[in-house]
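Chain by chain, the residues:
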Amino acid sequence: MLLECDPSKLRIETIGVEKPNFPMDIGEMYEGERIRRPDMQVEFGGVDVPKKWEIVLTRKPEEIEDGRVILIGPDLNELKQGGTYPLGILVEVAGEKVEKDLEGVLERRIHYFLNYIEGVMHLNQRYDIWIRIGKKVYQKGLNSLAWLGKALIWLYKQSFPVIEKIQVSLTTDQQTIEKFYPYALEVWAARDKRARELKDEDVEEFYGCVMCQSFAPTHMCVITPNRIASCGSISWFDARAASKVDPKGPNFPIPKGECIDPIKGIYTGVNEIISKKSLGSIKQVALYTSFETPHTSCGCFEGIAFYIPEVDGIAIVHRDFKGPTVNGLTFSNMAEHTSGGTQNPGFNGIAIEYLRSPKFLQADGGWERIVWIPKAIKDRVGDSIPQHMKDLIPTEQEVKNIEELKSWLKSKNHPVVKRWKQVAEEKAPEVRKEAFVEAAPAELVPATVVPEGLSVPIGGGFIIIFKNAKIVAEKVIIKRAEKVGK
Ligand code: SF4
């Protein structure tokens, strides 16, 4: 499907593949830059915009024009300062070696490339995007979305020589965004479905991704057929294709080695590589459990599987869930304890597609341990919930707090109820309990994750990375250094 729109809304078409004379700076040192509401010119997407998307599709060379930027709908300089708007970004690529399998990985690069732009903050992926443009960079000249299109074209061409042709469309037009949305969902569903046909036991290698190490320096996603990346955008097939075309890039094979625990999903090959990539910070990762040594999370996860000690069960929340969950904490409250590339037993950053995996938290009891899930997610993955569990797992519509949850689980004879007696006698799973009492007031918590692996650009292409550091200062005084000899 091509992006269709009312021709009267077609704003600009620009052709060119040479490096444009950008009004803003572009470079890796801008990754991790945060733009707070008072500093933003406008924002696109986020929780208040129901339909937004970014997608990469492969095309035949004759279907696209190299270096073309298409804008549909009002441009940046026509949008009210401080406003929130919908956005769709379609990147179309062609080339002899550009396989369909590469779409997912190329799509994930939109996040990184837009974050390379001075004064631009990009979060999340697929149907979940949230972008802010800063006031300063707007005043500097980034006053048209065409600059984002040109930057994407230039960065893709620099990073992926296999891309022979590339065309970028950006639309702020609600009608165009809504019309294309169902098609984008179909594309993502087909990508995810393909990966579902394989099992972890069927392959010799898993794949790693360290694309998010600029945000979370010790984090590495382990991508297996049964555990899609936490951001939900890179499947085992995608990572395999990416590692072939860009062997020095962020995706690489992980020989499985020996499987030392098939239930928890512990492999010697994974442990060896995570140990190297995290510079010794993480020694072991268990792929199919939320406890002990769970998979780390950077900050880009689509959802969180969180432990509720009062009922010895696990609940799920997704990024777009508004307000407090059943334990009284919001997604943002819990994301603080989940992100940063550390292992946080009881808090597991996951992709929603992982809920469909036959190995979904299998060491913890899988679906029989799930005690609460948002309705939107229950509807979305309903066909993957075992039949006998469907009516036993409540949503926010039936259960709003822990007391109601306890009564519900008891009345339905949910499988966790059997565990209650056992747990009273045994030791409860080790989790970061402080997370249940430490929730910061909602107004102090940003609406998304700010990972602890903070990177600060200091110019000249260098970045200082603070690993797991928390810095508190009541006052910062900056003084001009006196010149020597003065
Ligand atoms: S969340 Fe994981 S797979 Fe996705 S880009 Fe980050 S490191 Fe890669």
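This one's a predicted model, so the numbers in the text were calculated from it and none came from an experiment.

> Please clarify how the overall build of the protein chain should be interpreted in this entry.
Check the secondary structure of the protein chain and you find 11 helices and 20 strands. Residues classed as buried in the protein chain amount to 48% of the 486 residues present. Intrachain contacts of the protein chain at a sequence separation of at least 6 include 75% that bridge at least 24 residues.

> Explain the nonpolar core to me, please; I cannot follow it from the model alone.
The tendency in soluble globular proteins is for nonpolar side chains to be buried side by side. One finds Cys 209, Ile 223, Ala 315 and Val 371 to be the most contacted residues of the largest nonpolar core, which totals 130 residues. The element contributing the most residues to this core is helix H3 (residues 146-159), with seven residues. Counting contributing residues, this core receives three or more from each of domain 1 (7-192) and domain 2 (198-444). In this structure, Val 371 is in contact with Ile 308, Val 311, Gly 313, Ile 314, Ala 315, Ile 393, Leu 405, Leu 409, His 414 and Val 416, ignoring residues within four places of it in sequence.

> Looking at this structure, how should I read helix H4 (residues 174-196)?
Side chains three or four residues apart in an α-helix point the same way, a direct result of the helix having 3.6 residues per turn. Under the 1.5 Å per step criterion, the end-to-end length of H4 is 33 Å for 23 residues, consistent within 8% with the ideal 33 Å. Taken as a whole, H4 carries its principal kink of about 35 degrees at Tyr 181; the proline Pro 182 stands between one and four residues after it. Listed as buried for H4 are Thr 176, Ile 177, Phe 180, Ala 184, Trp 188, Arg 191 and Ala 195. Buried-residue contacts for H4 involve strand E3 (53-58), strand E4 (68-72), strand E6 (88-94), helix H1 (103-115), strand E9 (165-171) and helix H5 (236-245).

> Whenever I open this one, the sheet that holds strand E7 (residues 120-123) confuses me. Can you help?
Sheet strands line up and pair through hydrogen bonds in the backbone, either parallel or antiparallel. Strand order across the open sheet formed by four strands is E5-E2-E8-E7, with mixed pairing between neighbours. Taken across any chain shown, the strands that pair with only one partner, and hence form the sheet edges, are strand E5 (84-85) and E7. Direction of pairing for strand E2 (residues 40-45) relative to E5: parallel, over a ladder of two bridges. When the bridges of E5 are listed, Glu 43 appears paired with Thr 84. On the sheet, H1 packs against E7 and strand E8 (130-134) and is oriented at approximately 160 degrees with respect to E7.

> Whenever I open this one, the sheet that holds strand E16 (residues 313-318) confuses me. Can you help?
The strand order across the open sheet built from four strands is E17-E15-E16-E18, with neighbouring strands paired in mixed fashion. Only two strands of the sheet have a single neighbouring strand rather than two, namely strand E17 (347-350) and strand E18 (370-372). Neighbouring strand axes in the sheet, compared pairwise and without regard to direction, differ in orientation by 35 degrees on average. Inspection of the sheet shows strand E15 (residues 303-308) paired to E17 by four bridges, in the antiparallel sense. Bridge pairing in E17 links Ala 305 to Asn 348.

> I tried to follow the site of the ligand on my own but got confused; where do I start?
Around the ligand sit Arg 108, Cys 209, Met 211, Cys 212, Cys 221, Ala 229, Ser 230, Cys 231, Ile 234, Cys 298 and Cys 300, and that is every residue in its neighbourhood. When grouped by side-chain class, the residues that make up the shell around the ligand number nine nonpolar, one polar and one charged.

> Hey, could you run me through H3 in this one?
Taking 1.5 Å as the rise per residue, H3 with 14 residues should run 20 Å; its terminal C-alpha atoms sit 20 Å apart, in good agreement. Regarding H3, the residues found buried are Ala 146, Trp 147, Leu 148, Gly 149, Lys 150, Ala 151, Leu 152, Ile 153 and Trp 154.

> Which parts of the structure should I look at to understand the packing of H1 against H3?
A pair of packed helices is captured by two measures, namely the crossing angle of their axes and the spacing between those axes. It is the contact of H1 with H3, at a shortest axis distance of 10 Å, that shows an interaxial angle of 110 degrees. When the axes of H1 and H3 are compared, the pair comes out roughly perpendicular. For the pair H1 and H3, the sense of crossing is right-handed. For the pair formed by H1 and H3, the contact residues are Ile 110, Phe 113 and Leu 114 on the first element and Leu 148, Ala 151, Leu 152 and Leu 155 on the second. Looking at the contact of H1 with H3 residue by residue, the class counts come to seven nonpolar, no polar and no charged.

> Help me understand the pairing of E15 in this model?
It is a general feature of regular strands that their side chains alternate between the two faces of the sheet. Extensive coverage of E15 is indicated by the burial of six of its six residues. Residue alternation in E15 divides its side chains into two sets, Gly 303, Ala 305 and Tyr 307 and Ile 304, Phe 306 and Ile 308, and both sets are buried. Bridge count between E15 and E16: six bridges; the pairing is antiparallel. Each bridged residue has a counterpart across the sheet, and for Ile 304 the counterpart in E16 is Val 317. Connecting the antiparallel pair E15 and E16 is a turn made up of four residues, with Asp 312 showing a positive phi of about 55 degrees.

> Where do I start with the pairing of E9 in this structure?
Within E9, seven of the seven residues are buried, leaving the element largely enclosed by the surrounding structure. Going residue by residue along E9, you find Lys 165, Gln 167, Ser 169 and Thr 171 tucked away on one face and Ile 166, Val 168 and Leu 170 tucked away on the opposite face as well. Taken together, the five bridges between E4 and E9 define a ladder with parallel strand orientation. Residue Ile 72 lies in a different strand from E9, and its bridge partner there is Thr 171. Two elements, E6 and E9, share seven bridges in a ladder whose sense is antiparallel. Residue pairing across strands places Gly 88 opposite Thr 171, the latter belonging to E9.

> Got a minute to help me understand unusual backbone geometry in this structure?
Comment: phi is negative for the bulk of residues other than glycine, and the bulk of peptide bonds are trans. At Arg 126, a residue that is not glycine, the phi angle is positive and equals roughly 45 degrees. Tracing the chain through its elements places Arg 126 in the loop between E7 and E8. One non-glycine residue, Glu 292, lies in positive phi territory at about 60 degrees. Topologically, Glu 292 is positioned in the loop between helix H6 (268-277) and E15.

> Explain the environment of Asp 75 here, please?
In this fold, Asp 75 is placed in the loop between E4 and E5. If near-sequence neighbours (up to four positions away) are discounted, Asp 75 is found in contact with Arg 11, Ser 144 and Leu 145.

Reading the values: the criteria
Residues numbered from 1 in each chain as written. Predicted model: local features only at pLDDT ≥ 70, side-chain atom pairs only at ≥ 80, totals over all residues. Helix = DSSP H or I, 4+ residues; strand = E, 2+ residues; numbered from the N terminus. Buried ≥ 20, exposed ≤ 12 C-beta atoms within 10 Å, placed from the backbone. Contact = placed C-beta atoms within 7 Å. Core = buried A, V, L, I, M, F, W, Y, C linked by C-beta atoms within 7 Å. Domains from an automatic or database assignment. Expected span 1.5 Å × (residues − 1). Bend = angle between axes of the 7 residues up to and from the residue. Pairing = 2+ DSSP bridges. Axes fitted to C-alpha atoms, helices over the stretch in contact; angles between N-to-C directions. Near = placed C-beta within 6 Å. Nonpolar A, V, L, I, M, F, W, Y, C, P; charged D, E, K, R; others polar. Parallel < 35°, antiparallel > 145°, perpendicular 65-115°, else oblique. Left-handed = near helix turned anticlockwise from the far one by under 90°.

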